[in-house]
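# Observations on the model geometry
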Amino acid sequence: MRGFAKVRAAQPTLLSATIVSVETDLSRGLYSFSMVGLPDKAVEEARDRVSAAIKHAGFDSPKSQNHKVTISLAPAELKKEGAYFDLPIALSYLLAADAVSFDPSNKLFAGELSLDGNLRPVRGILSIARKAKEMGIAELYVPEENAAEAALINELSVFPVTSLMQLVEHLKTDTPPTLLPTPRTPFAPTPTEGAFDFKDVRGHETAKRGLEIAAAGRHNIVLYGPPGTGKTFLASAFPGILPPLSFDEAIEATAIHSVSGSLNGRTLIEHPPFRSPHHTSSYVALVGGGQIPRPGEVTLAHKGVLFLDEFPEFDRRAIDALREPLENRVVSVSRAKGSVSFPADFILVAALNPSRGHNPDETYQTEKDRLQLQKKISGPIIDRIDLWIEVPHIAHEKLAQSSKGVEGSAAVRKRVIAARTHQTARFKNSQRTNAMMGVRDIETLVPLGKEVAAIITNAAQKLNLSPRAFHRTIKIARTIADLAHERYVSENHVLEALSFRPKNLFE
């Protein structure tokens, strides 16, 4: 009996993972099976799953041996969660007991064992695969259902495993390998298809123009107007004009949804995620948190769209918590057990009814409703939203018209992609857009002529724009110029950008 063995496992944390060494020590004495290294309940229960799986794989169960089993999961200060360690624990024990012989170096294992020795899929495999490549590990062994997801990462051999017995046969040094690496999963995104098409929308040309600008520069936008005018319909059509995700963006979004268990059978998220939480959602559900911090909707919308219908109906604390992700594109959650920052780079699309009535002429709210709106939506939130688009009632005659000749989402998407191409060249980074420009970027990348600078300065003084709103107006003007394939921002671009500031809502 060798008495000691060590294999490598990993525990995912959204976009990354932590390598965990699974060490097994066997010593003579009365049988016991202890686990150290801050295991949670699921990890502690692995002793029973592993013992049964080893028995059904044709080996002597640890319970039938007269030795003391100690499993150490290092680093010890990291809280170990989930069933990721079942497979590496079983292999580490078999190595220590001399039941099998193989070289565990340059290999990483992950998977949950059933009692009969078969492997069940686990969450967060993509993050584990990225970490394995980063650490220079050559071979990754995962449940068969997770193999295609892990195979998104190149320069890494991913082996699909169905059972403990199958893996042991493959790893034996005295027999030829029996498993073949999974072919790399191809990345060939197709255009995004929204729930609705822009050609289904009658009228609302200003709203569609605003959504096009928002998509081109990844600007935040609010649609406001009386109930039933099509705000939710427009928001549902918005994903259809967004470009597909780049490979790096798709990997980030997929890694988050893999850890959160919301892939829903998909291998890869190729299109921007669209999240639409209900207005009764709690603060924690929206921004993340809990006793052990978990990501919320703002993180699940990373690289996509967060649609908040009935925006003022959300809890005020939740609305104010959007300040950080809207400005810095991350959200920080602090708890007694530690602090964590989750990525939250999304386009906010919000819809609100300034008036609670159904009168087509009642565009704006009563004084009581106006004050209630001011209580819910603070000045800092208003400043962080770039475009405010009124969606009024459309004449019934227009609603009855045919969709023939109405521009569809595909045509708008082509212009959005062309505008994004200008931004890629400007920032030399495919993940940066105009909405992400800082003050220094604006100064160096968006030079304004004297006349244009005078116009925007005078308008800012008359509208009493804050410095943040002033700079956001310039960003919008730059996006409008990109849509027009213009090298410089002109007077028309600035005037159109200024037209999207909120009117008569908060005065």
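This text goes with the structure placed above it.
The present account deals with the structure reproduced in this document. (Residues numbered from 1 in each chain as written. Predicted model: local features only at pLDDT ≥ 70, side-chain atom pairs only at ≥ 80, totals over all residues. Heavy atoms only, no water.)

### So, the sheet that holds strand S3 (residues 32-36)
- Within the open sheet, the four strands sit side by side as S1-S2-S4-S3. Their pairing is mixed. The sheet terminates laterally at strand S1 (4-13) and S3, the two strands that pair on one side only. Sheet twist, expressed as the mean angle between neighbouring strand axes with direction ignored, is 20 degrees.
- Summarising the sheet, strand S2 (residues 16-28) and strand S4 (residues 67-74) pair through eight bridges and their orientation is antiparallel. The residue bridging Ser21 from the neighbouring strand is Ala74, located in S4.
- The sheet contacts of helix H4 (residues 125-134) involve S1 and S2, and relative to S2 the element is tilted by about 85 degrees. (Pairing = 2+ DSSP bridges. Helix = DSSP H or I, 4+ residues; strand = E, 2+ residues; numbered from the N terminus. Axes fitted to C-alpha atoms, helices over the stretch in contact; angles between N-to-C directions. Contact = heavy atoms within 4.5 Å.)

### Looking at helix H9 (residues 247-260)
- Relative to the 20 Å expected for 14 residues at 1.5 Å per residue, H9 spans 20 Å between its end C-alpha atoms, a close match to the ideal helical length.
- Of all 14 residues that make up H9, 11 are buried, and the element is covered over most of its length.
- For H9, every residue scored as buried is listed here: Glu249, Ala250, Ile251, Glu252, Ala253, Thr254, Ala255, Ile256, His257, Ser258 and Val259.
- After H9 finishes, the residue Gly261 shows a positive phi value of roughly 75 degrees. (Expected span 1.5 Å × (residues − 1). Buried < 20%, exposed > 50% of the residue type's maximum accessible area, 1.4 Å probe, protein only.)

### A look at helix H6 (residues 164-171)
- Listed as buried for H6 are Leu164, Leu167, Val168, His170 and Leu171. All buried residues of H6 fall inside an arc of 160 degrees around its axis, so they share one side. (Arc of directions from axis to C-beta.)

### A word on the packing of helix H19 (residues 450-463) against helix H20 (residues 467-483)
- With their axes 11 Å apart at the nearest point, H19 and H20 run at an angle of 140 degrees to one another. As the angle between them shows, H19 and H20 are arranged oblique. Note that H19 runs across H20; the crossing there is right-handed. When H19 is examined against H20, the residues Ile456, Thr457 and Ala460 are found in contact with a partner set consisting of Phe470, Thr473 and Ile474.
- Residues that form the contact of H19 with H20 fall into these classes: four nonpolar, two polar and no charged. (Parallel < 35°, antiparallel > 145°, perpendicular 65-115°, else oblique. Left-handed = near helix turned anticlockwise from the far one by under 90°. Nonpolar A, V, L, I, M, F, W, Y, C, P; charged D, E, K, R; others polar.)

### Quick look at the nonpolar core
- Grouped together as the largest cluster of nonpolar side chains are 69 residues, with contacts concentrated most on Ile89, Leu91, Phe109, Ile128, Leu164 and Leu167.
- Not counting residues within four places of it along the chain, the set of residues in contact with Phe109 comprises Val7, Arg8, Ala9, Ala10, Tyr84, Leu87, Pro88, Leu91, Phe102, Tyr141, Leu167 and Leu171.
- Counting 48 residues, the second largest nonpolar core, distinct from the first, contains Leu211, Ile442, Leu465 and Ile474. (Core = buried A, V, L, I, M, F, W, Y, C linked by side-chain atoms within 4.5 Å.)

### A look at the sheet that holds strand S11 (residues 274-275)
- One open sheet holds the five strands; their spatial order is S11-S12-S15-S10-S16, and the pairing between them is parallel. Each edge of the open sheet is held by one strand with a lone partner, namely S11 and strand S16 (387-390).
- Relative to strand S12 (residues 305-308), S11 is paired through two bridges, and the arrangement is parallel. Bridging across to S12, Phe274 finds its partner in Val305.

### So, the pattern of salt bridges
- If you walk through the whole model with that rule in mind, you get 26 salt bridges.
- For the salt bridge of Glu297 with Arg275, the shortest nitrogen-to-oxygen distance reads 2.8 Å. Within this pair, whereas Glu297 is found in helix H11 (residues 297-300), its partner Arg275 is found in strand S11, the two being separated by 22 residues in sequence.
- The partner of Asp482 in a salt bridge is Arg478, with the nearest N and O atoms 3.0 Å apart. Of this pair, Asp482 and Arg478 both sit in helix H20, four residues apart, which is roughly one turn of that helix. Comparing Asp482 with Arg478, the two get one shared label, buried. (Salt bridge = Lys/Arg side-chain N within 4 Å of Asp/Glu carboxyl O.)

### Comments concerning the environment of Glu169
- Within the fold, Glu169 resides in helix H6.
- Classification of Glu169 as partly exposed rests on a relative accessible area of 30%.
- Along the backbone, Glu169 and Val100 are 69 residues apart, and their C-alpha atoms lie at a distance of 9.2 Å.
- Glu169 has contacts with Thr175 and Thr178, leaving out every residue within four places of it along the chain.

### Overview of the packing of aromatic side chains
- Within the structure shown, the criterion is met by seven aromatic pairs.
- Ring centres 6.3 Å apart and planes at 70 degrees place the aromatic pair Phe102 and Phe109 in the edge-to-face group. The same class applies to Phe102 and to Phe109, which are both buried.
- Ring centres of Phe109 and Tyr141 lie 5.1 Å apart, and the angle between their planes is 20 degrees; this geometry places the pair in the stacked category. Of this pair, Phe109 sits in strand S5 (residues 107-109) while Tyr141 sits in strand S8 (residues 139-143), placing them 32 residues apart in sequence.
- For Phe109, a relative accessible area of 0% gives the class buried.
- The exposure class of Tyr141 is buried, given its relative accessible area of 1%.
- Among the aromatic residues, those joined into a ring-pair cluster are Phe102, Phe109, Tyr141 and Phe159.
- Here the basic side chain of Arg426 rests over the ring of Phe427, its NZ or CZ set 5.9 Å away from the ring centre. (Phe/Tyr/Trp six-rings, centres within 6.5 Å; stacked < 30°, edge-to-face > 60°. Lys NZ or Arg CZ within 6 Å of the ring centre and 35° of its normal.)

### With respect to unusual backbone geometry
- The residue after Ala74, namely Pro75, is reached through a cis peptide bond having omega 10 degrees.
- Here Glu155, not a glycine, exhibits a phi torsion of approximately 60 degrees, which is positive.
- Position of Glu155 relative to the elements: it lies in the loop between helix H5 (147-150) and strand S9 (157-161).
- Judged by its relative accessible area of 68%, Glu155 is exposed.
- Phi is positive for Arg329, close to 65 degrees, though the residue is something other than glycine.
- Looking at the element boundaries, Arg329 is found in the loop between helix H13 (323-328) and strand S13 (330-335).

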